[in-house]
Each structure stands twice: as C-alpha cells, then as structure tokens.
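An overview of the molecular structure
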Amino acid sequence: MTEGSLAALVALGAFHGLNPGMGWLFAVARGLQERARARVLESLPAIAAGHAASVGVVAVLVSLTRSVVATRIVAIVGGVVLVGFGLWRLLSRRHFKWVGMRLSLGQLAGWSFLMSSVHGAGLMLVPVITASGGPAAGGHAHGLGEAQGSALMSGIFVTGVHTLAMFLVAGVIAVVVYEVVGLTVLRRAWFDLDRVWALALIGAGAATVLTA
Amino acid sequence: MPLWKPDPTFYPSPRDAAAAPPEKLAYVAAFDRSAARPDAIAVLDVDPGSGSYGQVVGWTELPYTGDELHHFGWNACSSSLCPSSPHPHVERRYLIVPGLRSSRIYVIDTKEQPTSPQIVKVLEPDELAKRAGYSRPHTVHCGPEGLYLTALGGANGEDGPGGIALLDHSSFDVLGRWEVDRGPQYLAYDAWWHIAHDVLVTSEWGTPSMVEDGVVGELLLGRKYGHALHFFDLRKRRHVQTVDLGDEHQMVLELRPAHDPTKQYGFVGVVVNVEDLSASVWLWHRDGDRFAATKVITIPAEPPGPDDRAGLPPVIEPFGAVPPLVTDIDLSVDDKWLYVSCWGTGELKRYDVSDPFHPVEAGSVRIGGITRRTPHPAAPDLPLAGGPQMVEVSRDGRRVYVTNSLYGAWDDQFYPDGVGAWMAKLDSGADFTFDERFFPHGDAWRGLRPHQTRLQGGDASSDSYCYP
C-alpha cells in the first residue's frame, strides 16, 4: 500500500463520514429524541459497523479476485461498473427508505449497511484497492493459499483504515452538531452530497479505466 | 432539478419554523357549487406592508368543471430533513390540489410566478383508481415516503373502504396504496402522524354516498358516520389499534398532532354529538403501550336567541337549537394554542392547551352563524352566512386565517339561503381580534366558495418536524 493510496482511503473515509445521509444525522436525531449524548455516542459504532461490513465485502472480494485474475480486467470491469452506478445514482430520483425513526442499534447497523451498499460506498474504493501495491501483488506469494490469505488481510486493512476515517469524521460532526452547532447546520450546510457522491463514483470509475 | 442546499422553508424543529419570516402570500382553494364554471386557486396578498394587502391578487383557474376543490397541500416540507428518509434537496414549490368530487388531482407550480401559479400536471381519476384503488382524494401530507393522500372512496364505483394513496413527491406518480393492512377502518377522512415515533393516525367521516348529497339524517341519527380514531405503524404500514370515541360522537375529522416530535398526543374535533347536538374536541395520548382518547372540550348547542337574524334550516329545525358543528381545528406550531371553528354557531374559539389535558378558553370571536349572521367589524351592516370553517395558523402563531365554506352540499343544507363567500384574519397575541384591513368577501371571490388556505412556505397544518 503506497502512501498515496492510504491518503485516498482516508480521504474517502472522511467523505463518507461527512455525508449526513450515511449516518451522523441519525446519530444526532437519536440523541435529540431522548436528549442524551449517550444515544449519539452509542449510535456511532453501529453505523460504522454497518458501513464497514458494506465496504468490507467489496474490499475483500476485490483483493481476493485480484490475486488470481489480471489486475487490468478487474480495473476495467470495475471502472465501467462504477461509472454506470454513478450515472444511475445521479439520474435516479428514487429515495432509499427502509426504516422508521425508532430503531435498535442492530437495526441501525443494518440500515447503515444497506445505505452504504445502495450508495456504492465500497465500489468507490475499487480504484484505490486495484491501484495499491498491496501484499497480494507484492510478488512474494509462496502459493495460492498464502496469497489469498494476504489478500484477505489487505482487504481487511483497507476496510479498517477507511472505516476508521469515516467513524472519526462522522463522530466529530455528530457530537459537535449535537452539542454546539445545533440543527441550523442542516439548513445551511447540507449540500446535495448525493450528487457529489454520484460524481465521485463516475470520476473514480473513469480514472480506474483510464489508468488500467 | 433538485437544489444544492436544502429548501430554505424546511425547518428541523418547530422552534426554527416559528422563528422564520412571515408569509407574504396565501393560497385558497375556491370552488363553484353549480359546477358550471371551473374551480380555482385564489392567491391572496397577506403582506401588511403591501398596497394590495387583504386582496385577491391572482387566480389559477382549472381546466375542468365540477372538481370541488377541498383540501390541498405542499409536495414537500420539513419532514424531508428527517434522517430515516432524508431528501432535503427537493423543493417546496408544488401545490397538490385534489378535486374531492371529481377525483382529479392537479399539480400546481408556485415558484416561477407565485401570484399566478401554473398547472404542470393533471392526474386523471383512473390513475388513482388503477394504481391505489381509491377515489375522492381528500387530505394531502408531505411525509417520509413521499406524498400521502387520504381518499374517502374506493375505486370503480365502490363506496369504500377509503384509505391512503402514496404519491412520488417529484414525479407525482401514484405509487400505490399505502396500507399493507388497513385493519377494520372503512370510513376515511384525515391522516397525520407522530413522525419521530413511527405512528400514523387516521380519522373517520363517511364514504362518498354518505357525504356527496349532504348529511343524511337517517345515517346521522342511526350513528353511522365515523366515530373512531385509528393508529397505524407508519413504518410497517399496518393497522395496530382502533380507539372508538362512542357512536354518539359523529364525524371525527381534523387531526392535529403535537408538533413537538418528542410528544405523542394530539387533538381531534368531533362535529356533533347526536344526543345533545354538542361538539367536542378530544385528546389522544399514550396510555402505556396503547393510545387512549379523552374528551377535553365540550361545546354545547345554543338555543336560537331573540336577536338572531335567520331561522333554523329544515335540517336542524326539529331540534330547536343551533349545533356548534366543530368542522375544523388547528394547533399552533408551538403547541400552545388550539383554534376551534364552530361553523354552526359562527364562533371561533381559542384555547390555551399548554396543558393538553386541561384546555383553557382564552379568546373567542363571532362571525356568521346559522341564525346569528354576525357581521365582520369591517362591514358592520352586512349579515354573514357560513361560519369560521377551515382555520389556518401562521408558523409564528400570530395570524389566523378563516374561510367560510364547508362542503357544497352541506353548505346548502345548513345555509339554504346561500352560504356566501368570505375570508377573515385574526391577530392572535394577548388579544384575539379581527384584522379590520383583511376581509375579502362577496365579489372578491367571483362567485366561488373559499375553502382551505395554505400559506407560502408552510403553515401550522402542513409540516412535520423530526427534531425537538
């Protein structure tokens, strides 16, 4: 893993954490419902866990596949999928609705998993994973089994770094909004991140294909 | 195209909504009783600093006749900020205007030309029938999954059951029937929710055949109109509980849940008690795991007085008294004031409901009424028919707007010599008094009857908030 890839992973994690729709808003709402900071804090790991699961599936799959299939094919197919998914996100008017306002921590994690998945949070990491010189591509594999083992480790590492960045950013925003800024931030600073998100997917896909 | 930032008229909390700038325009649905001319949306200037204050400054005529406009609502509102279904970048710009008699639904854009809004889409009755199985659309609410539209009747000539149709808030397509399990509810009317608690509440009036030709005496005395509240799981779309108010309480209409999203209570008006012609307001509230309802306001019938200008119409003559007929109520955004329309006696009452279980009357004005015909202070020599009916409160709670028509066939029964057409505004503060500068009446309405009012940017009966 190069420093550039690591920085990209962290940046994408921060970007995901920034999006109110990815979870911090729900954490704030749960806190406000019962006027308890503890509700905000306990929500964050559940949201991060759901996000990690969604991202992890993609990261591990891509890492594993990459060790046995040519990097280029993965990159091109992945890139095309990314662009298509990004376009669909950009053009679709459908709003994802799965839960109500009252939910348990388990349901919150499930919501976060689905929300991250339908937004293609994991897909967005594909170029970083395929571009990074991870252990699986390091050339020191002594057999397929061992290569897969390191690839798995690579996928978990990617997921961990990304999720940690997401968790920290979402957590800081949630606590600051709950404690200090107040809800007017929703009216003033809630840019349409879904559209930015879609453009990021398209950009990531295009970059993957072009550099493959 | 969606916005890059949230619509500035979406508010996270009731406090934010109340602190917002006052409305400058009001939209009023007005209909032609004879169905010979098209119904219309009238646009009123409600900016006190404007030269045309208190006047109708624009009209949007509909392309058809016989719709009978009744209630209408915004395509999107503050509920878009809720985290369970965040879509804050849609715009509050379209009025969704159903024809209660025709089952046609108009989508009217108010953004480009606010004083002459444009019809951008018309949904024909068969779209509602085919996709949702309903007819006679009544109440519009912007909510978690799009637009919720209550309907009184079934599709294809079936009288009932009524229920809720779900519409997309951007394309306005009818997405389908909202209920997965309607439970025992057959008679429909209003619906609203405790959005932060995943609870939806509905009320009961009657099926199309019970209301379209006027109130049916035998059905009323036979206690066949609606007398129950229904509670649904807003998320699973399933009926969970019926609370019956008792069959003497006929017609359970407008639902006004507390705006504070941490609370789970609300008020509902009952038009008439068939035992003594009184009207009442009930409070629904949590009682352990269930909901319960308690009568918190009773308004007795009035004997016709010596000063009354008109006699009793045939529909109530046998009773020798004037029923208050509570046909609408409205709760201020801060949940402090409840306004109660007595369309029969011609009185608008204001209650302090800071303690919702114990409302305290804190103001009352008289205008119109079946026998009194009280004039407006701006025209003291003009007896008025009709009474305060639909009541709408501004977000900051300082201004209250009332219109005088209930529903064509019912207007004719209770005001057989003509219901007229007027709208009034009250200033609600330490005092509760008419604004003498605001009284569009008579020809100002072009022969149409004004019904519901919606205020630009939202009002006390349009938005739901997810944050306290």
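What you see is a predicted model; the values in this text were computed from it and never measured. (Residues numbered from 1 in each chain as written. Chains lettered and ligands numbered in written order. Predicted model: local features only at pLDDT ≥ 70, side-chain atom pairs only at ≥ 80, totals over all residues. Heavy atoms only, no water.)

Regarding the overall build of chain A
A tally of regular secondary structure across chain A gives nine helices and zero strands. Moving toward the C terminus, one meets the helices and strands of chain A in the order α-α-α-α-α-α-α-α-α. When the 212 residues of chain A are sorted by exposure, 48% land in the buried category. Looking at chain A alone, contacts between residues at least 24 apart form 88% of all its contacts between residues at least 6 apart. (Helix = DSSP H or I, 4+ residues; strand = E, 2+ residues; numbered from the N terminus. Buried < 20%, exposed > 50% of the residue type's maximum accessible area, 1.4 Å probe, protein only. Contact = heavy atoms within 4.5 Å.)

Comments concerning the overall build of chain B
A tally of helices and strands in chain B yields five helices and 28 strands. Computed over C-alpha atoms, the radius of gyration of chain B comes to 20 Å, within 12% of the 23 Å expected from 2.2 N^0.38 for 468 residues, which places it in the range of a compact globule. The burial tally for chain B puts 67% of its 468 residues in the buried class. For chain B, the share of sequence-separated contacts (at least 6 apart) that also reach a separation of at least 24 residues comes to 59%. Element-wise, carbon and sulfur atoms account for 49% of the exposed surface of chain B, whose accessible area totals about 14900 Å². Seen as two clouds, the 42 positive and the 64 negative side-chain charges of chain B have centres 4 Å apart. (Rg over C-alpha atoms; globule rule 2.2 N^0.38 Å. Areas by Shrake-Rupley, 256 points an atom, 1.4 Å probe, with all protein chains shown as cover. Lys, Arg positive; Asp, Glu negative; His and termini not counted. Charge placed at Lys NZ, Arg CZ, Asp CG, Glu CD.)

Points about the interface of chain A and chain B
Every contact between the two is made by 28 residues of chain A and, on the other side, 34 residues of chain B. Between chain A and chain B, the buried area comes to about 2900 Å², and carbon and sulfur atoms account for 61% of it. Ranking the residues of chain A by area buried against chain B places A:Arg187, A:Trp190 and A:Arg195 at the top, with a combined share of 25%. If you look at where chain A meets chain B, you find zero salt bridges. (Buried area = accessible area lost by both parts, 1.4 Å probe. Salt bridge = Lys/Arg side-chain N within 4 Å of Asp/Glu carboxyl O.)

Overview of the confidence of the model for chain A
On average, residues of chain A carry a pLDDT of 84, and 86% of them reach 70 or more. Segment residues 134-143 of chain A is flagged for pLDDT under 50; beyond a separation of four residues in sequence, or across chains, it makes 10 contacts in the model. (pLDDT = per-residue confidence, 0-100.)

What about the packing of aromatic side chains?
All names here are of chain B. Scanning all chains against the criterion turns up 20 aromatic pairs over all chains. When the ring of tyrosine 148 is compared with that of tryptophan 178, the centres are 6.1 Å apart and the planes differ by 55°; the resulting orientation is tilted. Here the residue tyrosine 148 occupies a position in strand β9 (residues 146-154), and tryptophan 178 occupies one in the loop between β11 (174-177) and β12 (191-194), the gap between them amounting to 30 residues. Residue class for tyrosine 148 comes out buried when judged on its relative accessible area of 3%. Judged by relative accessible area, which is 0%, tryptophan 178 ranks as buried. (Phe/Tyr/Trp six-rings, centres within 6.5 Å; stacked < 30°, edge-to-face > 60°.)

Points about the pattern of salt bridges
Any two side chains of opposite charge can pair, on the condition that their charged atoms come close. Residues and elements named next belong to chain B. Applying the stated criterion to the full structure yields 38 salt bridges over all chains. A salt bridge links lysine 349 to glutamate 361, with the nearest nitrogen and oxygen atoms 3.1 Å apart. Highlighted residues: lysine 349 in strand β22 (residues 347-352) and glutamate 361 in strand β23 (residues 360-366), separated in sequence by 12 residues. Under the relative-accessibility criterion, lysine 349 is labelled buried at 9%. Put simply, lysine 425 and aspartate 427 hold a salt bridge, and the shortest N to O gap is 3.2 Å. One salt-bridge network, in which partners are shared between bridges, spans Glu302, Glu347, Lys349, Glu361, Arg366 and Arg372.

A short note on the environment of B:Asp32
Residue and element names in this part refer to chain B. Positionally, aspartate 32 belongs in the loop between β1 (25-31) and β2 (38-45). Classification of aspartate 32 by relative accessible area gives buried; the value is 9%. In this structure the C-alpha to C-alpha distance between aspartate 32 and glycine 408, which are 376 residues apart in sequence, comes to 8.6 Å. Leave out the neighbours within four places in its chain, and aspartate 32 touches Arg37, Pro38, Asp39, Gly447 and Leu448. At 2.9 Å, the side chain of aspartate 32 forms a polar contact with the backbone nitrogen of alanine 36. (Polar contact = N/O pair within 3.5 Å; in protein donor to acceptor, adjacent residues only side chain to side chain.)

Structural notes on unusual backbone geometry
One can expect most non-glycine residues to show negative phi and most peptide bonds to be in trans. Residues and elements named next belong to chain B. A cis amide bond links glycine 160 with the next residue in sequence, proline 161, at an omega value of -5°. The residue methionine 251 is not glycine, and still its phi comes out positive at about 75°. Tracing the backbone shows methionine 251 in strand β16 (residues 249-257). For methionine 251, a relative accessible area of 2% gives the class buried. Look at leucine 325: it is not a glycine, yet its phi comes out positive at around 50°. You can call leucine 325 buried: its relative accessible area is 5%.

What to know about the environment of A:Glu179
Considering the arrangement of structural elements, one finds A:Glu179 in helix α7 (residues 144-181). There is a polar contact of 2.4 Å between the side chain of A:Glu179 and the side chain of A:Arg37.

Brief notes about the state of the cysteines
Residue and element names in this part refer to chain B. Scanning the model with the defined rule gives two disulfides over all chains in all. Bridging cysteine 77 to cysteine 142, the disulfide has an S-S length of 2.2 Å. Torsion about the S-S bond of the cysteine 77 and cysteine 142 cystine: about 115°, corresponding to right-handed handedness. Here cysteine 142 lies in strand β8 (residues 134-143) and cysteine 77 lies in the loop between β4 (73-74) and β5 (94-98), a separation of 65 residues in the sequence. For the pair formed by cysteine 77 and cysteine 142, the shared burial category is buried. Here cysteine 82 engages in a disulfide with cysteine 466; their sulfurs sit 1.9 Å apart. Taking the sign of the S-S torsion, 100° for the link of cysteine 82 and cysteine 466, the bridge is right-handed. Pair noted here: cysteine 82 is in the loop between β4 and β5 and cysteine 466 is in the segment after β28 (449-455), with a separation of 384 residues, a long-range link. Cysteine 466 shares its class with cysteine 82; the two are buried. Once the disulfide-bonded cysteines of chain B are ranked by sequence position, their pairing pattern turns out to be 1-3, 2-4. (Disulfide = S-S within 2.5 Å.)

Observations concerning the packing of helix α1 (residues 3-18) of chain A against helix α9 (residues 193-211) of chain A
Residues and elements named next belong to chain A. Axis separation between α1 and α9 bottoms out at 11 Å; the angle between their running directions is 155°. When the interaxial angle is binned, α1 and α9 end up roughly antiparallel. Read as a crossing pair, α1 and α9 show a hand that is left-handed. For the pair α1 and α9, the contacting residues are Phe15, His16 and Leu18 in the first and Leu193, Val196, Trp197 and Ala200 in the second. Among the residues making up the contact of α1 with α9, the classes are represented as six nonpolar, one polar and no charged. (Axes fitted to C-alpha atoms, helices over the stretch in contact; angles between N-to-C directions. Parallel < 35°, antiparallel > 145°, perpendicular 65-115°, else oblique. Left-handed = near helix turned anticlockwise from the far one by under 90°. Nonpolar A, V, L, I, M, F, W, Y, C, P; charged D, E, K, R; others polar.)

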